[in-house]
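Residues per chain, in single letters:
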Amino acid sequence: LESTGKAAVVNSSARLSHNLSNGEMLRFNKYSGICEWKNDVIFLWVNIGAPQSDVVNEFLQGGRQITWFGGSRMHQQTPAIQNLLRVGKMISNQKSTVSNKNGGIILWCRTHDPIKRTFLPYTCLGRVGYRSHDPDVHPIRFVWDLLDYEALLAISRVKEDVKDSDDLGEKNWFQQILFQASK
């Protein structure tokens, strides 16, 4: 992609699915942490390490899970939250299915670079499935399972001793995100 902001990801995805011609641009809420598509596909946007944030998104279980918080206007009965619950639970019950014919939730994650004082580009971390949520906190909190965790680790796998290394150049991009998130 020429750019990896939300607009580039959304518009490129629409073009790849043949729902958008070159030059056309989709309109969507770039401030939302969720982007719903007609075919039960949902993009989930997560910022890791955001300075002065009211919520802290983090990886759990060594990167096998991630937290995500809904927007300030989202609650248990919000249509977007109801859709997340429905699709997320459906996918969790079909974990072994790689096909997206039945929809799915795709995780896009970016980390904050404190040196550059900006966010790094969004990276696709694959499919997520529903683990749990807490409707009694505001904003509503979810825990998602990274269904492609093993595949993410296998991509560009490097030496086993890299896990303890501070040299980001020796880690694959998923390991780099996990390392940055753990700081």
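The coordinates are above.
All values derive from a computational prediction rather than experimental measurement. (Residues numbered from 1 in each chain as written. Predicted model: local features only at pLDDT ≥ 70, side-chain atom pairs only at ≥ 80, totals over all residues. Heavy atoms only, no water.)

## Observations regarding helix 4 (residues 173–182)
Inclusion rule: Categorising residues by exposure relies on relative accessible area from a 1.4 Å probe, with only protein chains included: less than 20% of the type maximum marks a residue as buried, more than 50% marks it as exposed, and the intermediate range marks it as partly exposed. Secondary structure counts use DSSP, requiring at least four H or I residues in a row for a helix and at least two E residues in a row for a strand, with both numbered from the N terminus. Contacts are assigned to residue pairs with any non-hydrogen atoms lying within 4.5 Å of each other.
Turning to helix 4, its buried residues are Phe174, Gln175, Ile177, Leu178 and Phe179. On the buried face of helix 4, the contacting elements are strand 3 (59–60), strand 5 (104–113), strand 7 (123–134), strand 8 (141–146) and helix 3 (149–154).

## Considerations on the packing of aromatic side chains
Let me state the cut-off plainly: In this scheme Phe, Tyr and Trp rings, the latter by its six-membered ring, pair at centre separations within 6.5 Å, and the angle between planes marks the pair as stacked below 30 degrees, edge-to-face above 60, and tilted otherwise. In this analysis the charged atom, NZ for Lys or CZ for Arg, is taken to sit over a ring once it is within 6 Å of the ring centre and within 35 degrees of the ring normal.
Enumeration over the complete set of coordinates arrives at eight aromatic pairs. On the basis of an interplanar angle of 85 degrees and a centroid distance of 6.0 Å, the ring pair of Phe43 and Trp45 is categorised as edge-to-face. Both residues of the pair, Phe43 and Trp45, belong to the buried class. Among the aromatic side chains, those forming a connected cluster through ring pairs are Phe43, Trp45, Trp108 and Tyr122. The ring of Tyr130 carries Lys89 above its face, with NZ or CZ at 5.0 Å from the centroid. Above the ring of Phe119, the side-chain terminus of Arg110 is found at 4.2 Å from the ring centroid.

## Quick look at the side chain of Gln65
Along the chain, Gln65 falls in strand 4 (residues 65–69). Once residues lying within four places of it in the same chain are set aside, the contact partners of Gln65 are Glu58, Phe59, Leu60, Arg131, Val143, Trp144, Asp145 and Leu146.

## Side note on the pattern of salt bridges
When charged atoms on two side chains of opposite charge get close, those side chains can pair. Applicable threshold: Any Lys or Arg side-chain nitrogen located within 4 Å of an Asp or Glu carboxyl oxygen qualifies as a salt bridge.
The full count for this structure, using the stated rule, is four salt bridges. Between Arg86 and Asp40 there is a salt bridge, and its shortest N-O distance comes to 2.6 Å. Of this pair, Arg86 sits in helix 2 (residues 79–92) while Asp40 sits in the loop between strand 1 (34–36) and strand 2 (41–48); the two residues are 46 residues apart in sequence, bridging distant segments of the chain. When its relative accessible area of 41% is taken as the criterion, Arg86 is described as partly exposed. Judged by relative accessible area, which is 22%, Asp40 ranks as partly exposed. Two residues, Asp145 and Arg131, come together in a salt bridge whose shortest N-O distance is 3.1 Å. Pair noted here: Asp145 is in strand 8 and Arg131 is in strand 7, with a separation of 14 residues, a long-range link. A relative accessible area of 7% places Asp145 in the buried class.

## Here we look at the side chain of Asn57
Put simply, the rule is: Polar contact is the term for a pair of N or O atoms within 3.5 Å; when the atoms are in protein, one must be able to donate a hydrogen and the other to accept it, and sequence-neighboring residues count only if both atoms are side-chain atoms.
Note that Asn57 resides in the loop between strand 2 and strand 3. Reaching out from Asn57, the side chain makes a polar contact with the backbone oxygen of Asn47 at a distance of 3.1 Å. If sequence neighbours within four positions are ignored, Asn57 has contacts with Val46, Asn47, Ile48, Thr67, Trp68 and Phe69.

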